[in-house]
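This is what each chain is made of:
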Amino acid sequence: MSTAAPAAPGVAPSDAAGTATAPAVDTVTTARLLALDAVEAAGSGHPGTAIALAPVAELLFRKHLRHDPAQPDWAGRDRFVLSCGHASILLYTQLFLTGYGLELDDLRSFRALDSLTPGHPEYGHTPGVETTTGPLGQGFATAVGMAMAMKHERAVYDADAAAGASPFDRTVWVLASDGDIQEGISAEAAAIAGHHRLDNLVVIYDDNDIQIEGATTLSSSEDVAGRFTAHGWDVARVELAADGDVDIEALDAALSAPRAGKPRLVVLKSQIAWPAPNAVGMAASHGAPLGATEAAALRDVLGVTTGPFEVADEVLAESRRALTRGAELSSAWQESFEGWTAAHPEAAAQLHRAQSGLLPEGLEAALPTFAPGDALATRDASGKVIQALAALMPELWGGSADLAEPNRTAIHGGGSFLPATPAGRNVHWGVREHAMAAAMNGISLVSGNRFFAGTFLVFSDYQRPSIRLASLMGLPVTYLWSHDSVALGSDGPTHQPIEHLAALRAMPGFSVVRPADAAETAAAWLAILQRRGPAGLVLARQPIEVAATPAEVVAEGVRRGAYVVRDAAAPAAVIVATGSEVSLALAAAEQLAAEGTQLRVVSMPSREWFAEQDAAYRASVLPAGMDVRVVVEAATSFGWHDVAGPHGRIVSIDGFGLSAPAADALAARGMTVENVVATVREAIGARA
Ligand SMILES: Cc1ncc(C[n+]2csc(CCOP(=O)(O)OP(=O)(O)O)c2C)c(N)n1
Ligand SMILES: [Mg+2]
């Protein structure tokens, strides 16, 4: 498969900005060598793809991507997503060359502690990195969400502008590798992108026939072009150039062709590590330094005598012309955006508020209230809250993975997000939880959007890799997980979550919120919106009576993660419960009170939020001296032992559930008032 490396240095056919005189050592050669040198200096990394695709990155950053290196957060910019995050040095090299503020020293410290150039691109860490990538397939699906958000915003804010004439017209450019295409999430995401005719999405697939274990033919024989065509994509193929390099002119043409109503996949043939004479086409070039001998050989082949990290002034001057181009693009956009603002002052104010991360005034007052004693499921309460929020927050939209009705996610009157109605506020994801979760990240990365999406709690497992990235990035995504325990009933153990709450709580940076009743649900929604972090709202299917706690106490208590909902002068024990088990705890306390045993009951909707409170508040809710503690949660006991303490008990479900009507399933797994009462009595007795 390998084609001989050239004897002469490569020129920069992708020098799209056009130079009168080509520099002695061109920008592409410089980019290839910087990738080589950075990996050699780090002693680890992924040189092959970055060396081979240097001309591709340059073509994007110098010609196709509308960006301004001096303003990495410019709202009118296109997005570039390096889905094959292992090739991070490819991106860092462009961020240095085009003037994002990365310096040669940053490339020298590639992958080192606290450097601006970590092993995989990290959003919020390096200016110019638009999303965190590394788990293959995630970047691809995140990019689909970005493209959806751009289509939606365009339709919401500037529907009447002619095609290409709106400041909201932006494109998402993606570089993906074999692993991205092999991951199942890319099939889900590609299907969604094709269905929604996302012609603002362009993916270059680096079809280099190689991965870590060797040739891709070891594991793959599918017709990728055919697969994407079937998904409704417009597919182009670009073969290798005669010298074995990527055919950059053909790629340029494929990227430039008008896009009509479909996302585009360009299947680009390349050879890993080209033009390194011995490393080219080899699996070993994927993830390890080429070594001093091959590094020297590559310099020879390129006809370069400079040492590591040497960048000719004229090369830098040439590549930094990206700054001039960026300034022109952004100032032209600014003018167009100001024209739009003048014509749409109200919409502009709304957009500005949403992009600033502020909530509209009066949101709290607009929330529905629920009378003590009303019995409704927390999923129903969430559905009502969503209607109230949606009326005041045009930036709020959502969807479900084919469970909108059971999840209560629909925005009534919001319309469906579809190719003909991209302003629609309800996204029908189909049964594609994983791509939905990744795309939520992409939607949230297009600032100004607040997005929520639902499925059953048990299927959060299908979303987990994307939830993890949302947590790593600190994105304001909201998951609505209904059917949160064995109380969902006869659908049985495949649908009954057990270990999910503990598993989600184990994730750093993520908030699990399991409200006890309708009043807590409204307070939880508000707190999630105010906090602007990733959160999962865990909702019950079965009706629950609204507790008699005053609304202000609920609002404050939920915000602080845990609070006292029933108390006594000298309680004999404290029950700590979450979600639907709070009412179980209250009923048990009532029964014990009738026998003369007084209890405190703590509702703990969010362990993470409670852990953030100061020690005094935490001690006021759970004083050290109140050490007879019974935790009640219809899920695994894993993770609760620290709250229960040495004298505590945990009423939990440490095996799978079972298929039975809700009351029978709960009883069969010990989730009854009788069992809680007996457990409390036993704990008190053991401590006496
Ligand atoms: C979900 C996931 N699984 C495994 C890996 C580890 N990994 C990194 S790159 C790679 C495959 C490399 O092949 P390819 O995607 O073709 O990239 P290339 O070497 O051609 O750049 C693997 C398995 C990963 N990053 N993400
Ligand atoms: Mg590959």
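Computed from a predicted model, the values in this text were never measured in an experiment.

1. Here's the deal with the pattern of salt bridges
Here comes step 1: Enumeration according to the criterion identifies 31 salt bridges in this entry.
Here comes step 2: Linked by salt bridges that have partners in common, Arg-62, Glu-318 and Arg-321 make up one network.

2. Digging into unusual backbone geometry
Here comes step 1: Here Trp-274 and Pro-275 are connected by a cis peptide whose omega angle stands at 10°.
Here comes step 2: As for its position among the elements, Pro-275 is in the loop between strand S7 (264-269) and helix H11 (292-301).
Here comes step 3: Phi angles above zero are rare outside glycine, and Asp-114 is one such case at about 65°.
Here comes step 4: Position of Asp-114 among the secondary structure elements: in the loop between helix H5 (104-108) and helix H6 (138-158).
Here comes step 5: With a phi close to 65°, Asp-209 is a non-glycine residue in the positive phi region.
Here comes step 6: On the secondary structure map, Asp-209 appears in the loop between strand S3 (201-207) and strand S4 (210-211).
Here comes step 7: Among the residues examined, Asp-209 registers a relative accessible area of 22% and is labelled partly exposed.

3. A few points about the nonpolar core
Here comes step 1: Among the nonpolar cores identified, the biggest contains 60 residues, and Val-144, Val-172, Leu-201, Trp-233, Trp-429 and Tyr-479 are the most heavily contacted of them.
Here comes step 2: Per-element tally for this core: the top contributor is H6, with nine residues.
Here comes step 3: In this structure, this core is formed jointly by two domains, domain 1 (27-331) and domain 2 (363-545), each of which donates at least three residues.
Here comes step 4: In this view, Val-172 contacts Arg-79, Val-81, Ala-143, Met-146, Ala-147, Met-150, Asn-200, Leu-201 and Val-202; residues no more than four positions away in its chain are not counted.
Here comes step 5: In terms of nonpolar packing, the next biggest core, distinct from the first, is built from 58 residues, Phe-61, Leu-90, Leu-175 and Ile-248 among them.

4. Thoughts on the packing of helix H23 (residues 581-594) against helix H28 (residues 673-687)
Here comes step 1: For the pair H23 and H28, interaxial distance at closest approach is 9 Å and the crossing angle is 60°. Considered as vectors, H23 and H28 are oriented oblique to each other. The element H23 and its partner H28 pack so that their crossing is right-handed. Between H23 and H28, the residues in contact are Leu-584, Ala-587, Ala-588, Gln-591 and Leu-592 and Val-673, Val-676, Val-677, Val-680 and Arg-681, respectively.
Here comes step 2: Here the residues of the contact of H23 with H28 sort into eight nonpolar, one polar and one charged.

5. Some thoughts on the site of ligand 1
Here comes step 1: Neighbouring residues of ligand 1: 15 residues in total, closest Thr-49, Ser-177, Gly-179, Asn-208 and His-286.
Here comes step 2: The separation between an oxygen atom of ligand 1 and a polar side-chain atom of Thr-49 is 2.4 Å.
Here comes step 3: Measuring from an oxygen atom of ligand 1, one finds a backbone N or O atom of Gly-179 at 2.8 Å.
Here comes step 4: Here ligand 1 has 580 Å² of accessible area as a free molecule, and 74% of this is covered by the chains.
Here comes step 5: Only helix H7 (178-182) and S4 provide two or more residues apiece to the shell around ligand 1.
Here comes step 6: Grouping the constituent residues of the shell around ligand 1 by class yields five nonpolar, eight polar and two charged.

6. Observations regarding the packing of aromatic side chains
Here comes step 1: Applying the stated rule across the entire model yields 22 aromatic pairs.
Here comes step 2: Ring plane angle 75° and centroid distance 6.0 Å describe the contact between Phe-140 and Phe-228, whose orientation is recorded as edge-to-face. On the criterion of sequence distance, the pair formed by Phe-140 in helix H6 and Phe-228 in helix H9 (residues 224-230) is long-range, its members being 88 residues apart.
Here comes step 3: In this structure Phe-140 comes out as buried when scored by relative accessible area, which is 1%.
Here comes step 4: Judged by its relative accessible area of 0%, Phe-228 falls in the buried class.
Here comes step 5: Summarising the aromatic geometry, the rings of Phe-228 and Trp-233 are spaced 5.0 Å apart at their centres and angled 90° between planes, so their arrangement reads as edge-to-face. Both residues of the pair, Phe-228 and Trp-233, count as buried.

7. Structural notes on H11
Here comes step 1: Looking only at H11, the buried set comprises Glu-294, Ala-295, Ala-297, Leu-298, Arg-299 and Val-301.
Here comes step 2: Contacts made by the buried residues of H11 are with helix H1 (27-42) and helix H2 (47-52).
Here comes step 3: Two residues or fewer after H11 comes Gly-303, characterised by a positive phi angle close to 70°.

8. Points about the sheet that holds strand S18 (residues 599-603)
Here comes step 1: One open sheet accounts for five strands, arranged S16-S18-S17-S19-S20; its pairing is mixed. Single-partner strands in this sheet number two, and they are strand S16 (563-566) and strand S20 (649-651). On average, each strand axis in the sheet is inclined to that of its neighbour by 30°, with strand direction left out of account.
Here comes step 2: Strand direction decides the pairing type here: S16 and S18, joined by three bridges, are antiparallel. Pairing of Tyr-563 across the sheet is with Ser-603, part of S18.
Here comes step 3: Packing of H28 onto the sheet brings it into contact with strand S17 (573-577), S18, strand S19 (629-632) and S20, and relative to S20 it is tilted by some 175°.

9. Quick notes on helix H13 (residues 321-343)
Here comes step 1: Spanning 23 residues, H13 covers 34 Å between terminal C-alpha atoms, matching the ideal 33 Å at 1.5 Å per step.
Here comes step 2: Looking at the buried positions of H13, the neighbouring elements they touch are helix H3 (54-64), helix H4 (88-98), H6, helix H12 (313-319) and helix H14 (345-355).

Analysis parameters
- Residues numbered from 1 in each chain as written.
- Chains lettered and ligands numbered in written order.
- Predicted model: local features only at pLDDT ≥ 70, side-chain atom pairs only at ≥ 80, totals over all residues.
- Heavy atoms only, no water.
- Salt bridge = Lys/Arg side-chain N within 4 Å of Asp/Glu carboxyl O.
- Helix = DSSP H or I, 4+ residues; strand = E, 2+ residues; numbered from the N terminus.
- Buried < 20%, exposed > 50% of the residue type's maximum accessible area, 1.4 Å probe, protein only.
- Core = buried A, V, L, I, M, F, W, Y, C linked by side-chain atoms within 4.5 Å.
- Domains from an automatic or database assignment.
- Contact = heavy atoms within 4.5 Å.
- Axes fitted to C-alpha atoms, helices over the stretch in contact; angles between N-to-C directions.
- Parallel < 35°, antiparallel > 145°, perpendicular 65-115°, else oblique.
- Left-handed = near helix turned anticlockwise from the far one by under 90°.
- Nonpolar A, V, L, I, M, F, W, Y, C, P; charged D, E, K, R; others polar.
- Near = heavy atom within 4 Å.
- Polar contact = N/O pair within 3.5 Å; in protein donor to acceptor, adjacent residues only side chain to side chain.
- Areas by Shrake-Rupley, 256 points an atom, 1.4 Å probe, with all protein chains shown as cover.
- Phe/Tyr/Trp six-rings, centres within 6.5 Å; stacked < 30°, edge-to-face > 60°.
- Pairing = 2+ DSSP bridges.
- Expected span 1.5 Å × (residues − 1).

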